[in-house]
Amino acid sequence: LELGINFDHIWQKTLTVLHPLKVADGSIMNETDLAGPMVFCLAFGATLLLAGKIQFGYVYGISAIGCLGMFCLLNLMSMTGVSFGCVASVLGYCLLPMILLSSFAVIFSLQGMVGIILTAGIIGWCSFSASKIFISALAMEGQQLLVAYPCALLYGVFALISIF
Amino acid sequence: MHPAGLAAAGTPRQPSKRRIPVSQPGMADPHQLFDDTSSAQSRGYGAQRAPGGLGYPAPSASPQAAFLADPVSNMAMAYGSSLAAQGKELVDKNIDRFIPVTKLKYYFAVDTMYVGKKLGLLFFPYLHQDWEVQYQQDTPVAPRFDINAPDLYIPAMAFITYVLVAGLALGTQDRFSPDLLGLQASSALAWLTLEVLAILLSLYLVTVNTDLTTLDLVAFLGYKYVGMIGGVLMGLLFGKIGYYLVLGWCCVSIFVFMIRTLRLKILAEAAAEGVPVRGARNQLRMYLTMAVAAAQPLLMYWLTFHLVR
């Protein structure tokens with residue numbers, strides 16, 4: 001199967017995102033693949049379209065700037081460097097819970113108290129998984145919250161676009 | 001040379017960004033270097049061999065041309081990959097000239113404990129006794145190990161959070177639109193640059209010999225964004241009263257913090273130990289420190305009052 005898409009790896013990485021409390025294996029990020037994240041981004045854009053928000057350009061712009069920012073930050077904070085593809089891949093995979101949030105926004109409006117709590121929970125979930133994968137792949141210690149905070153900011157912007 | 005050629009050609013499963021495009025020069029170049037009688041045949045063989053990259057000579061006609069084509073195409077591939085590596089090195093070297101990456105890395109060597117304690121210090125600097133930065137053989141210790149060392153993680157995160165919170169605050173007044181974020185970001189960045197330049201100019205005019213680098217200064221000036229965020233958030237939750245209370249508290253805290261930190265850096269060593277030294281020079285330096293510290297609350301108010309209505 002020479003498509004270059006390794007389905008087993010994609011499934012493994014998706015499972016890592018979906019079980020935020022399970023410890024991640026550091027070697028899964030050795031192969032950078034952008035197939036999974038592309039699918040998730042498109043799904044996110046599709047759910048936004050369903051909710052009537054035609055702001056796809058902003059999603060692209062913000063994700064590009066956010067990936068660039070995380071790339072610079074992680075290169076400065078870790079002992080070993082990262083490649084841009086790796087950062088984009090991890091951030092794209094952890095966008096999966098955000099798709100759940102935006103599909104909720106299609107049906108219910110998220111501007112009540114329940115919506116705010118749900119949004120906060122989902123942002124926490126996304127950033128926790130992303131920081132967990134980064135920490136295990138880059139062997140950074142004692143910095144998980146520090147990595148989770150910028151991820152939370154990035155996913156918070158996505159959530160803002162979903163809500164408003 | 002051969003392993004490099006094999007490695008470059010033998011990874012079809014990597015995404016296209018990783019693969020070095022050397023198949024083109026592999027096919028075109030070696031055939032122009034050789035005034036070969038069997039050029040048509042060797043071109044055919046070269047096209048077959050270059051993607052495969054195996055390097056076995058053709059068994060049939062014109063073994064000479066095929067034998068020459070294979071190592072040359074491998075060499076061309078290796079040359080192409082080394083050219084790409086050289087280009088990357090050039091970019092890295094030039095980036096290093098404009099942005100001092102290793103110096104920046106020092107400011108980001110933080111961990112969660114340091115960030116927690118530093119945030120506590122920014123909001124409540126009154127009980128902290130020892131403000132001196134520890135040194136280790138002439139170089140300052142990394143922020144991980146010394147709470148007094150400046151870092152750039154907190155100012156950077158605080159700046160970005162401030163832009164987002166400002167966008168949120170403006171959004172709750174009108175409608176939220178993502179261009180607001182860009183506008184806020186560029187105006188805040190402009191104010192920061194102006195402030196850094198003004199302080200550098202005044203330090204130059206007063207001819208102070210300090211070890212206060214520009215990055216240190218950016219770090220210290222960035223700490224006020226933490227207070228600004230606190231004020232705006234309280235203003236969003238509790239209205240104007242909450243905003244003024246928290247902003248007032250943060251203004252006083254950052255004033256004390258800046259005075260105590262800058263005193264050690266700008267003033268002469270004798271004065272830093274608490275002994276008041278007379279003399280025009282030291283007085284000028286003290287006025288400069290007070291001016292820098294007083295500018296912080298003013299800027300904090302100026303940049304946030306339009307966000308809380």
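The model shown is predicted, which means the values in this text are computed figures rather than measured ones. (Residues numbered from 1 in each chain as written. Chains lettered and ligands numbered in written order. Predicted model: local features only at pLDDT ≥ 70, side-chain atom pairs only at ≥ 80, totals over all residues. Heavy atoms only, no water.)

Of the volumes computed, that of the second largest pocket is approximately 940 Å³. A:I123, A:G156, A:L160, B:L168 and B:L233 are the residues nearest the centre of the second largest pocket, which is lined by 24 residues in total. Of all the secondary-structure elements, those providing two or more residues to the lining of the second largest pocket are α6 (113-138) and α7 (144-163) of chain A together with α7 (153-173) and α10 (224-266) of chain B. Broken down by class, the residue content of the lining of the second largest pocket amounts to 19 nonpolar, five polar and no charged. (1 Å grid on protein atoms, 1.4 Å probe; cavity = no way out; pocket = protein on both sides within 12 Å on 5 of 7 lines; lining within 4 Å. Points joined across faces, edges and corners; volume = space filled by probe spheres on them. Helix = DSSP H or I, 4+ residues; strand = E, 2+ residues; numbered from the N terminus. Nonpolar A, V, L, I, M, F, W, Y, C, P; charged D, E, K, R; others polar.)

Turning our eyes to something else, we now look at a nonpolar patch on the surface. Residues and elements named next belong to chain B. A contiguous nonpolar patch, built from W191, L194, Y244, Y301, W302 and F305 and spanning about 620 Å² of accessible area, is present on the exposed surface. Sorting the residues of the nonpolar patch by element identifies α8 (179-205) and α12 (280-304) as the ones contributing at least two each. Take W191: it is sitting in helix α8. (Patch = residues over 30% accessible without salt bridge, like charges linked within 9 Å, V, L, I, M, F, W, Y side chains within 5 Å. Areas by Shrake-Rupley, 256 points an atom, 1.4 Å probe, with all protein chains shown as cover. Salt bridge = Lys/Arg side-chain N within 4 Å of Asp/Glu carboxyl O.)

All names here are of chain B. Counted according to the given criterion, the structure contains four cavities of 30 Å³ or more. Estimates place the volume of the second largest cavity at around 50 Å³. Contributions of two or more residues to the lining of the second largest cavity are made by α6 (112-123) and α10. Of all the elements, α10 adds the most residues to the lining of the second largest cavity, at four residues. Residues of the lining of the second largest cavity, tallied by class, amount to seven nonpolar, one polar and no charged.

Residue and element names in this part refer to chain B. Here, UniProt's "transmembrane region" (unreviewed entry) annotation points to residues 152-171, 183-205, 217-237, 243-263 and 284-303. Within the segment residues 183-205, helix and strand shares are 100% and 0% respectively, and the terminal C-alpha atoms sit 33 Å apart. As annotated, residues 284-303 comprises 100% helix and 0% strand, and the C-alpha atoms at either end are separated by 28 Å. (UniProt positions renumbered as here; feature names shortened; annotations may be inferred.)

Let us look at the side chain of B:T289. Residues and elements named next belong to chain B. Looking at the secondary structure, you find T289 in helix α12. Polar contacts involving the side chain of T289 include one to the main-chain carbonyl oxygen of R285, which spans 2.8 Å. Contacts of T289, omitting those with residues within four sequence positions, involve I259, L262, R263, I266 and L267. (Polar contact = N/O pair within 3.5 Å; in protein donor to acceptor, adjacent residues only side chain to side chain. Contact = heavy atoms within 4.5 Å.)

Residues and elements named next belong to chain B. Tallied over the full model, the rule gives one salt bridge over all chains. Taking the shortest distance from any N to any O, the salt bridge between E195 and K224 comes out at 2.7 Å. In this pair, E195 sits in helix α8 while K224 sits in helix α10, placing the two residues 29 residues apart along the sequence.

Our focus in this paragraph is the confidence of the model for chain B. All names here are of chain B. On average, residues of chain B score 74 in pLDDT, and 69% of them are at 70 or above. Counting interchain partners and residues more than four positions distant, the pLDDT-below-50 stretch residues 1-31 has 41 contacts. Every residue in residues 39-60 scores below 50 in pLDDT, and together they form 29 contacts with partners more than four places removed in sequence or on other chains. Overall fold confidence (pTM) sits at 0.73, and the ipTM for the predicted complex is 0.84. (pLDDT = per-residue confidence, 0-100.)

Looking now at the packing of aromatic side chains. By the definition in use, this model includes 17 aromatic pairs over all chains. A centroid spacing of 5.6 Å and a plane angle of 80° characterise the contact between A:F44 and A:F158, whose relative ring orientation is edge-to-face. Of this pair, A:F44 sits in helix α2 (residues 35-50) while A:F158 sits in helix α7; the two residues are 114 residues apart in sequence, bridging distant segments of the chain. Residue A:F44 is classed as buried on the basis of its relative accessible area, which comes to 0%. Connected via pairs of aromatic rings, a cluster forms that spans B:W131, B:F220, B:Y223 and B:F257. (Phe/Tyr/Trp six-rings, centres within 6.5 Å; stacked < 30°, edge-to-face > 60°. Buried < 20%, exposed > 50% of the residue type's maximum accessible area, 1.4 Å probe, protein only.)

Attention now goes to helix α3 (residues 56-77) of chain A. Every α-helix carries 3.6 residues per turn, so stepping three or four residues along brings you back to the same face. Here α3(A) spans 31 Å end to end across 22 residues, near enough to the 32 Å set by a 1.5 Å rise per residue. Those residues of α3(A) lying buried are A:V59, A:I62, A:S63, A:G66, A:C67, A:M70, A:L73, A:L74, A:N75, A:L76 and A:M77. (Expected span 1.5 Å × (residues − 1).)

Okay, the environment of B:R285 next. Residue and element names in this part refer to chain B. Position of R285 among the secondary structure elements: in helix α12. R285 sits in the buried class, given a relative accessible area of 10%. Taking C-alpha positions, R285 is 37 Å from K240, a pair spaced 45 residues apart along the chain.

Geometry of a packed helix pair, given as the angle between the helix axes and the separation of the axes. Residue and element names in this part refer to chain A. One way to put it is that α2 packs onto helix α5 (residues 96-107) with a least axis distance of 8 Å and a crossing angle of 15°. Looking at the two axes, α2 sits roughly parallel to α5. Here α2 runs over α5; the crossing is left-handed. Of the residues in α5, those touching α2 at F40, A43, F44, T47, L48 and L50 are L96, M98, I99, S102, S103 and V106. Grouping the constituent residues of the contact of α2 with α5 by class yields nine nonpolar, three polar and no charged. (Axes fitted to C-alpha atoms, helices over the stretch in contact; angles between N-to-C directions. Parallel < 35°, antiparallel > 145°, perpendicular 65-115°, else oblique. Left-handed = near helix turned anticlockwise from the far one by under 90°.)

This brings us to the nonpolar core. Counting 107 residues, the largest nonpolar core has A:M98, A:Y155 and B:Y153 as the members making the most contacts within it. The element contributing the most residues to this core is α10(B), with 15 residues. Setting aside chain neighbours within four positions, we find A:Y155 in contact with A:L91, A:C94, A:L95, A:M98, A:I123, A:C126, A:S127 and A:A130. (Core = buried A, V, L, I, M, F, W, Y, C linked by side-chain atoms within 4.5 Å.)

Next up on the list: the UniProt feature "transmembrane region" (unreviewed entry) in chain A. All names here are of chain A. Under the local residue numbering, the UniProt record ascribes the feature "transmembrane region" (unreviewed entry) to residues 58-76, 82-108, 115-140 and 146-163. Measuring from the first to the last C-alpha atom of residues 82-108 gives 39 Å, for a span that is 81% helix and 0% strand. Split by type, residues 146-163 is 100% helix and 0% strand. Its first and last C-alpha atoms lie 26 Å apart.

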